[in-house]
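# Observations on chain architecture
Spelled out, the chains give:
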Amino acid sequence: MKNMVTIRAFTLPEITLAIGVVAFGLVAIFSILPFGLTAQKDNRDDTIIRLEAEFWKDWLLLNAPSVEDIRRVERVELYQAPTGTTNTMVRAQQKSVFFNPFRKIPSSLTGAPLNGRVLLGYTRDSNAAAPPDEYIYPLNSVAYFNAKANWGSDVGGWLLGPVDNNALLVSGHWGNFALVKSLNGSLFDRLYGAEPETEIYGYPERDFAMGYILQVEPWNHADGGQVKISFYWPLFDEAKQAIKQNESLMEIVRSSKTQSPLIGLGLTVPRFNSKSYVIRTPRRIVPVTLRSQLNLQERRVSDYWGQSAEGGEVDIAQLKKDMSLYNSTNHFGGTLNTSTNKDRRIFNNNINWGVEVRTNDTQWVNQSAYPNAWVDLSFVPSRFNLKQRTAQRWDIGRAGMYLYPEGVAHPANEFSIAWVDSFQRPWFYKTLPTGGIRILQQIPDLPRSGKYKLNTLKYGQSWDQLIGTLVQTNAIRGKLLEQSEGRFYVACRVRETTHRSLTPLEKALARAGVSGWQSNEDKAPQLWRFE
Amino acid sequence: MTSGLRSSGRKRAFTMVELMGATTIAIFLIIILYNLFDKVQSVFVVGQSRALAMEDGRIAMDLVAEDFLLLESGVGGERPNLLWHEADGVLGVSSNWKFYMITNRVGRVAPPYRNFLDLNRNMFDTNRIARPTDSKFDLYHHDCSFFRGGDYWKYIRYKFGGRENYRTILKQDPARVNVRVDEEYFQEYIYLANQFTAPPNPVYPHNINNVVIRNPVIDQVDTPVGALWVYYSPDTVKGRVLGEEMRHQQLIRLDSQNLNQGGAGLDELSAYEKLIDGVIHFRVRASRSEALGVREYVPSENPFSGFEDVRYVEVELAILDRKLLKEVEEGMEQQLEGLPPVQKRLRRLERIAENLDRVYFFKKLINLQGGGGNE
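Residues numbered from 1 in each chain as written. Chains lettered and ligands numbered in written order. Predicted model: local features only at pLDDT ≥ 70, side-chain atom pairs only at ≥ 80, totals over all residues.

## As for the overall build of chain B
Secondary structure assignment for chain B yields five helices and 16 strands. Taking all 375 residues of chain B together, 40% fall into the buried category. Long-range pairs, those at least 24 residues apart, make up 75% of the contacts in chain B between residues at least 6 apart in sequence. (Helix = DSSP H or I, 4+ residues; strand = E, 2+ residues; numbered from the N terminus. Buried ≥ 20, exposed ≤ 12 C-beta atoms within 10 Å, placed from the backbone. Contact = placed C-beta atoms within 7 Å.)

This is the structure:
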């Protein structure tokens, strides 16, 4: 064996082992890469969420000011405790859902087409099995217009609704939820995440835009109000699928937290990233004062400072001057173009009554025959200022005023204007001893002819008396004005919403045939604010 | 002795074929690994660039918010508490353009229409498809100042300006065109383009155009990208802060005079500091009441004079990430050579519109009434 050749080489096990070690190393390296990339994305998302949190904090503390970005809220869901809840393990039940009105959802919850009308939301009562009340409005209705105009204010008011049940507060299974496309972030997300304003078209990139579920948990404690806001993101495919199938946001969050399947859909939402912030303030959370909670006279006067900030000073002397008595023989007091501003008088033939306009020294024509009827208005139609209320000037609706025909005794006859129709004809109302309201189209005791006055004040009422009622709270509303050292300040912002009950007066008007009232959303939730 | 293999009489080495095979495999592996590394590296750089942009934007917004939070009313008599400024100079532009930069967008970017599909018809139909209204992003270049209270008082001015210099000069554009945009008719100077769909149509641009430059101003500037500049007066007491505003104005005047006389301006850029680079949008709006929306005001309509408080301020900022900034600025220089400045600006805006995922938007609502703490 002298010439025996010894060949030294790696054996197959050695090579296999070496390859194994290298492969193991490579796999380890490659498996780390996604973590690095995910960490970058997570950092970006964290930054965005922090910016979003700052926005929501200031927006809620400011009591939902008018900000166009609230159109990025796609859906709001509110919950309530099941009747008689004392068990801290119980979860809140879904009460109301509101959809972004700009979306124009064209079908009802059952999928039935609405044919020119849109679904704005729905409310369930405590009987979860009963069909919910759906809020459906025609696209061209004033109520729908107002729902869009008040969407921001409504969202803020709903989200601030405090928990009213201690068991739920303890359980933590409650809150008001919103589905939001983020305001901050890449411009791609901002533009592609924009509200599509229709369900008809597809916006394929929209799902890629960053969005999140916002949970707001407000409650009042002994020292003031507190709001916890939590963010859940990203919206995984499972979450998007569930949202598209109208699964509740609370259940989606629960499924993600507990890793249990969604009842009904059966899928489990992966764990969301989440972040929570707590806002504490000495200001308590109180119900919003709605315009519909004011009587017509209060509405008219409060419209005068309607756009002022809370705490802003109201010049009462100027208010009295601006809302001074109107005299039909001094139409607009000569402040407007006198060539088109003609004097007025009432006529009454015991069948109909109306307004006549003096076209020259001796000639009076019926309002309907007056050529400038739509320039030089007699009674301004109420519909004109349903959409947008500015300070109540003479050229804006007359509802809430009192008619004083010359020669008629008061207070037996107090003609309170409830509504002015599109023919510039006022509808009057009378409060009955029973508390009911009667609408009067043909008013008694009206003279056959004569001039008239319009006044913001009731017969025998003084401005001091009226202002005195505004600085007081009553059973229905809070203070409208604050008085301090002889000066007056706006006590709270009076808000408007489509989602509310109709007032008795509105119901009476609707019964009398005045059209255009919104649905009676008796079960709609209250709006809330920081006082 | 170079090989681990050896025989007793003669050295054995790898054959040429073996070596070539090994080299080929090695090269193949190196190429794969390089590609992988390159991909990872570029993803990392993009991610890093985004992270930096987010960080820069967040810091800038924090600083802006901190200053606005201490905005004080009633300092300068009838001097508005928050003042939006016109451009630094008005050259050959009619007087009604003076406040152009305050109330008008200077441009717009939007995704192309074809990105919004009609599911019913499964086709692109510009006549039927409504692009979501806020999917169009209007660009503003604001310049505003206010007094900051607190322990020490300051006069503060935030201004969108060029990347190298804070100045923004209005100048009439000789190549102006009048066009119809989005159902509105503007007797203004508008440039439109959309390289994603079709050549620009100046008559009915609402069908195709997703990039708009709309102004008669800054036509000597060849880019829509600028920087956010800030001027801080020295700390002072309340009684002297109006004087600081005058001192600032004097500095600006001196700078202008120096420039107009052929100089390079003052050495210190009139004490402006560049807060953040790569900005395409800076907008400040304010409101005096929760019931009113926010807006910007020309001086004659400014409601925030005397003791009329600003209730809340909304600040918006949009910035490019550094990589995109480089691509849009230096990267396109050669490609745009010879084009007039306004065309260069337009083409650059187009490039930005193609990379919306690399442009970052920040919005802050600044509650000047306080009212809560947070944790």
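What follows picks up the thread again.
## A closer look at the overall build of chain A
Per the secondary structure count, chain A includes 11 helices and 24 strands. In terms of overall size, chain A is more extended than a compact globule, its C-alpha atoms giving a radius of gyration of 32 Å where 531 residues would be expected to give roughly 24 Å. Viewed in the frame of its principal axes, chain A has a C-alpha envelope of about 150 × 50 × 45 Å. Within the span of chain A, comprising 531 residues, buried residues form 38% of the whole. For chain A, restricting intrachain contacts to residue pairs at least 6 apart in sequence, the fraction spanning at least 24 positions comes to 63%. (Rg over C-alpha atoms; globule rule 2.2 N^0.38 Å.)

## Thoughts on the domain arrangement of chain A
Residue and element names in this part refer to chain A. When cut into domains, chain A gives domain 1 (47-234 + 272-285) and domain 2 (291-511). Put simply, the middle of domain 1 and the middle of domain 2, counted by C-alpha atoms, are 37 Å apart. In this complex, domain 1 contributes 10 residues to the contact, which on the side of domain 2 involves eight residues. Sorting the residues of the side of domain 1 that touches domain 2 by element identifies helix H2 (142-149) and helix H3 (151-159) as the ones contributing at least two each. Ranked by the residues each element gives to the side of domain 1 that touches domain 2, the list is headed by H2, at five residues. For the side of domain 1 that touches domain 2, the class distribution of residues is five nonpolar, four polar and one charged. (Domains from an automatic or database assignment. Nonpolar A, V, L, I, M, F, W, Y, C, P; charged D, E, K, R; others polar.)

## Description of the sheet that holds strand E11 (residues 313-314) of chain A
Residue and element names in this part refer to chain A. Pairing is antiparallel across the open sheet formed by three strands, whose spatial order is E11-E23-E22. The outermost strands of the open sheet, each flanked by one partner alone, are E11 and strand E22 (481-484). Alignment of E11 against strand E23 (residues 487-490), held across two bridges, turns out to be antiparallel. Note on E23: the bridge partner recorded for Glu 313 is Tyr 489. (Pairing = 2+ DSSP bridges.)

## A look at helix H5 (residues 341-354) of chain B
All names here are of chain B. Over its 14 residues, H5 runs 20 Å from end to end, which matches the ideal 20 Å to within 8%, given 1.5 Å per residue. Where burial is concerned, most of H5 is hidden: 10 out of the 14 residues are buried. Among the residues of H5, Val 342, Lys 344, Arg 345, Leu 346, Arg 347, Arg 348, Leu 349, Glu 350, Ile 352 and Ala 353 are the ones counted as buried. (Expected span 1.5 Å × (residues − 1).)

## Observations concerning the sheet that holds strand E6 (residues 154-161) of chain B
Read from one edge to the other, the open sheet built from eight strands follows the order E6(A)-E15(B)-E14(B)-E13(B)-E12(B)-E6(B)-E5(B)-E1(B), with strand pairing classed as antiparallel. Looking at strand neighbours, the two that pair on one side only are strand E6 (185-186) of chain A together with strand E1 (82-84) of chain B, the edges of this open sheet. Sheet topology note: the E6(B)/strand E12 (residues 226-232) of chain B ladder contains six bridges and is antiparallel. Along E12(B), the bridge assignment pairs Phe160(B) with Leu228(B). Where helix H1 (residues 12-61) of chain A meets the sheet, it contacts E6 of chain A together with strand E15 (359-367) of chain B, and its direction lies at approximately 30° from that of E15(B). (Axes fitted to C-alpha atoms, helices over the stretch in contact; angles between N-to-C directions.)

## Some details on the pairing of strand E19 (residues 437-440) of chain A
Residues in a regular strand point their side chains to alternate faces of the sheet. All names here are of chain A. Pairing geometry for strand E18 (residues 426-431) and E19, over four bridges, is antiparallel. Residue pairing across strands places Phe 428 opposite Leu 440, the latter belonging to E19. Hairpin remark: E18 followed by E19, antiparallel, with five residues in the connecting loop; positive phi at Gly 435, about 100°.

## Focus on the pairing of strand E5 (residues 143-148) of chain B
Residue and element names in this part refer to chain B. Extensive coverage of E5 is indicated by the burial of six of its six residues. On E5, burial covers both faces: Asp 143, Ser 145 and Phe 147 on one face and Cys 144, Phe 146 and Arg 148 on the other are all buried. Pairing analysis gives three bridges linking E1 to E5, with the strands arranged antiparallel. Paired with Leu 83 across the two strands is Ser 145, which belongs to E5. The loop that links E5 with its antiparallel partner E6 comprises five residues; one of these, Gly 150, has a positive phi angle of about 105°.

## What about the environment of Leu83(B)?
Residue and element names in this part refer to chain B. The residue Leu 83 is located in strand E1 in this model. Of the residues examined, Leu 83 has 20 C-beta atoms within 10 Å and is grouped as buried. The spatial distance from the C-alpha of Leu 83 to the C-alpha of Thr 15 is 83 Å, given a sequence separation of 68 residues. Contact partners of Leu 83, with chain neighbours within four places excluded, come to Cys 144, Ser 145, Phe 146, Pro 299 and Asn 302.

## Here we look at the packing of H1(A) against helix H1 (residues 16-69) of chain B
Running from amino to carboxyl end, H1(A) crosses H1(B) at an angle of 20°, the nearest separation of the two axes being 10 Å. Considering their axes alone, H1(A) and H1(B) lie roughly parallel with respect to each other. Regarding H1(A) and H1(B), the two cross each other, and that crossing is left-handed. For the pair H1(A) and H1(B), the contacting residues are Leu33(A), Leu37(A), Gln40(A), Asn43(A), Arg44(A), Thr47(A) and Leu51(A) in the first and Val40(B), Val43(B), Gly47(B), Arg50(B), Ala51(B), Met54(B) and Arg58(B) in the second. When the residues that make up the contact of H1(A) with H1(B) are grouped by side-chain class, the tally is seven nonpolar, four polar and three charged. (Parallel < 35°, antiparallel > 145°, perpendicular 65-115°, else oblique. Left-handed = near helix turned anticlockwise from the far one by under 90°.)

## Observations regarding the confidence of the model for chain B
Residue and element names in this part refer to chain B. Overall, the predicted model of chain B reaches an average pLDDT of 77, with 70% of residues at or above 70. Across residues 1-6 the pLDDT falls below 50, and counting only partners more than four positions away or on other chains, this stretch makes 10 contacts in the model. This model gives residues 177-190 a pLDDT under 50, and the stretch forms 25 contacts once residues within four places in sequence are excluded. The ipTM value of the predicted complex is 0.83, and its pTM value is 0.85. (pLDDT = per-residue confidence, 0-100.)

## Description of unusual backbone geometry
Residues and elements named next belong to chain A. In this chain, Trp 233 is followed by Pro 234 through a cis amide linkage whose omega measures -10°. Along the chain, Pro 234 falls in the loop between strand E8 (224-233) and helix H6 (237-244). Phi angles above zero are rare outside glycine, and Lys 104 is one such case at about 60°. By secondary structure assignment, the location of Lys 104 is in the loop between strand E2 (93-99) and strand E3 (117-123).

## Observations regarding the environment of Leu319(A)
Residue and element names in this part refer to chain A. The residue Leu 319 is located in helix H9 (residues 316-322) in this model. Once the C-alpha coordinates of Leu 319 and Ser 501 are considered, the two residues, 182 residues apart in sequence, prove to be 30 Å apart. Once residues lying within four places of it in the same chain are set aside, the contact partners of Leu 319 are Tyr 304 and Val 314.

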